[in-house]
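A structural walkthrough
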Amino acid sequence: MHRTRYLAVVLVVASACANASAIRDPRSAIRPQIALPTPPPPSSIREPAAWVEQTLGSLSLREKAGQLVMPRISGDYLALNTPQYHRLHEWVKTLGVGGVIITIGPIYEQAAKLNILQSLAPIPLLVSADMEHGPGQILQSGYILPYGLDNGGATRFPPIMALGAAGDEKHAFALGRITALEGRAAGVHVNFAPVVDVNNNPANPIINTRSYGEDPGLVSRLAAAHIKGMQENGMLATAKHFPGHGDTGTDSHIDLPIITVDKARADRMELPPYKQAIDAGVAAIMTAHIAFPALTGDSLPATLNPRILTGLLRDELKFGGIVFTDAMDMGAIVKHYGNTRASILALQAGADVLLQPMPQDVPAIIDAIVKAVESGEVTLDRLDASVRKVLESKARLGLHLERMVDFNAIPGTIGIPAHLAAADAAAEASITAVRDRDGLLPLKNDRVVNIIYTDDYDPFTGRVFQRALSASLPGTRSLLLDSRVSATRLDSLYASLDRNTTVLFSPFIRVSANKGDVAVAPHVADFVKRLAGSHRLVVTSFGNPYALSQFPEVGTYVIAWGQWDVAQRAAARALVGLFPITGRLPIAIPPLHKIGDGVQIKGNVGGDRQ
């Protein structure tokens, strides 16, 4: 169109719109039909202790009960006037819950939702999350299908057992510092981390790589650095799961684990990391839904047991901070006690805050607390002591003065290059060559077949590892198997593999709740054994480090510890010799390897090793 005619059309349209505005303002179509809640002004009482006492004195019995309940909320987008919004409005505005637990979701959606909830809350909300290996565990946008586009997110470190393999406090401190900075920027105040359980049971299906290792001294040292990194940068840390969830073969999400150790063994193995965490000033401790008959004389879970929470934790270990229960919907609790009754038992035992993932239970739990106080089952003094701890935590964080997320601070804090580089450095320091009997490392052969295995049926499994490996070894061919693969398919694959080809078997075994098992499928493990007897084989574990026990014939076994991108990048670079492999086992793999084992490979020049 000729430019003069185009301008004329624009002017005509503009004139028509101006005349139409007298009838209807087109901007009204994007104006919210429900106004956003107005953030409350900062408290006029600036001194934290005075604010705590004034606030506590102003609360009714029901409002006090609400402060001890912390429900879980989803991480998705929140629109006003939806069923989800009305439910959250009830929890926060009407019932007055003390805080919320956020789950996985995009950064800005999470921050916007938290600002809405903080605006509704009569008392600032204490926002928590499980960010055990960094804020990227929760603050993430996921993939866009069918294109496989990664929408990015916050910084994610490898699991903390990887930091145990690196053995350097600087990585644990960096994890804590970055979690605090990025988490606070998004509105999170309390991290349910670190896990300070000593993972001394290879069959443990739920702690595993979530622990720093099986040496209480190592766990204590690194956990203290992790705690300091968080708390020196404005986030409250939580040591978990007290008094120790490492020596169990049962997932407490499914049923009640029973630990049979005596007090002397607990003093030597389970309790030292908690003592060190308390000495480091940890703000909170989370309970374990496990029974310790030798410590208590009964099978009552630690979460509900006054001998554990009051006798051991408060009286003997002198912990004065806030005690969170683990999630009260887990099988170890609800199968045997029911959520409502268990919540009252937990308060009687010495817990302060009840984590309530089941949304339908929130009003019922508050009602139960009120009734328990009115009946004398829980004293008012006992209730006030816990409410005071919750309020003190909020004041310590400065929430009485500022509770809202500053959106302008997010892009300059979350997922920035310096933080990502720190995570990469930790991952690279953690890569562990447990054995390399045939001298296959670093990889020197272009003819590589990379068999990626998953038990989670995720089409993106190993994608970053595959691409990073192919960048250095362009001839690499990758394929994806999962635990449903047939024996016939495995036979066909075995027959197709040239004996002069280096085969990588890369199992991605995710440690997660309610799974109950972290093993490679038995028929797939048999396939790996066959490969070990006939091919140049390198097994790299991206998850359960104990997998070697299923195929001990393997001559080269490397552990990358976790399945997310930072570990995949590090593993690929390590295997081709782009940096030295220096990690050492923070666990034993009985009967094959002891704590501290690990071949030290310089890389690039033929695999010089110690």
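Our subject is the structure listed above.
Residues numbered from 1 in each chain as written. Predicted model: local features only at pLDDT ≥ 70, side-chain atom pairs only at ≥ 80, totals over all residues. Heavy atoms only, no water.

**What to know about the sheet that holds strand 9 (residues 322–324)**
- Taken together, the 8 strands give an open sheet; going across it, the order is 9-8-7-6-3-2-1-10, and neighbouring strands pair in parallel fashion. The open sheet has two free edges, formed respectively by strand 9 and strand 10 (354–356), since each of these has just one partner strand.
- Here strand 8 (residues 284–287) pairs with strand 9 via 3 bridges, running parallel. Counterpart to Met 286 in the pairing with strand 9 is Phe 324. (Pairing = 2+ DSSP bridges. Helix = DSSP H or I, 4+ residues; strand = E, 2+ residues; numbered from the N terminus.)

**Here's the deal with the side chain of Thr 209**
- Residue position: Thr 209 is located in the loop between strand 6 (190–191) and helix 8 (216–231).
- Beyond its immediate stretch of four places on either side in the chain, Thr 209 contacts Pro 159, Ile 160, Met 161, Val 511, Gly 543, Pro 545 and Trp 561. (Contact = heavy atoms within 4.5 Å.)

**Some words on the pairing of strand 15 (residues 536–541)**
- The buried fraction of strand 15 is high, at 5 of 6 residues.
- Bridge analysis of strand 14 (residues 502–508) against strand 15 gives 4 bridges, and the strand direction is parallel. Within the sheet, the bridge partner assigned to Phe 505 lies in strand 15 and is Val 539.
- For strand 15 and strand 16 (residues 556–559), the ladder comprises 4 bridges, and the chain directions are parallel. Pairing of Ser 541 across the sheet is with Ile 559, part of strand 16. (Buried < 20%, exposed > 50% of the residue type's maximum accessible area, 1.4 Å probe, protein only.)

**Description of the pattern of salt bridges**
- Under the defined criterion, the tally for this structure stands at 21 salt bridges.
- Asp 384 is the salt-bridge partner of Lys 64, the closest N and O atoms lying 2.9 Å from each other. Here Lys 64 is found in helix 3 (residues 61–67), whereas its partner Asp 384 is found in helix 16 (residues 380–396), with 320 residues between them in sequence.
- Judged by relative accessible area, Asp 384 falls into the buried class, the value being 16%.
- Between Glu 377 and Arg 341 there is a salt bridge, with its nearest N and O atoms 2.6 Å apart. With a gap of 36 residues between them, Glu 377 in the loop between helix 15 (362–375) and helix 16 and Arg 341 in helix 14 (residues 339–349) connect regions that are remote in the sequence.
- Judged by its relative accessible area of 33%, Glu 377 falls in the partly exposed class.
- Among the ionic contacts, a cluster of salt bridges with common partners joins Asp 130, Glu 132, Arg 210 and Lys 240. (Salt bridge = Lys/Arg side-chain N within 4 Å of Asp/Glu carboxyl O.)

**Focus: the sheet that holds strand 11 (residues 432–436)**
- With respect to topology, 6 strands assemble into an open sheet ordered 11-16-15-14-12-13, the strand pairing being mixed. Every interior strand has two partners, whereas the edge strands, strand 11 and strand 13 (477–482), have only one. For this sheet, the mean angle separating the axes of adjacent strands, direction not counted, is 15 degrees.
- Pairing of strand 11 with strand 16 involves 4 bridges; the strand directions are antiparallel. Within the sheet, the bridge partner assigned to Ala 433 lies in strand 16 and is Val 558. (Axes fitted to C-alpha atoms, helices over the stretch in contact; angles between N-to-C directions.)

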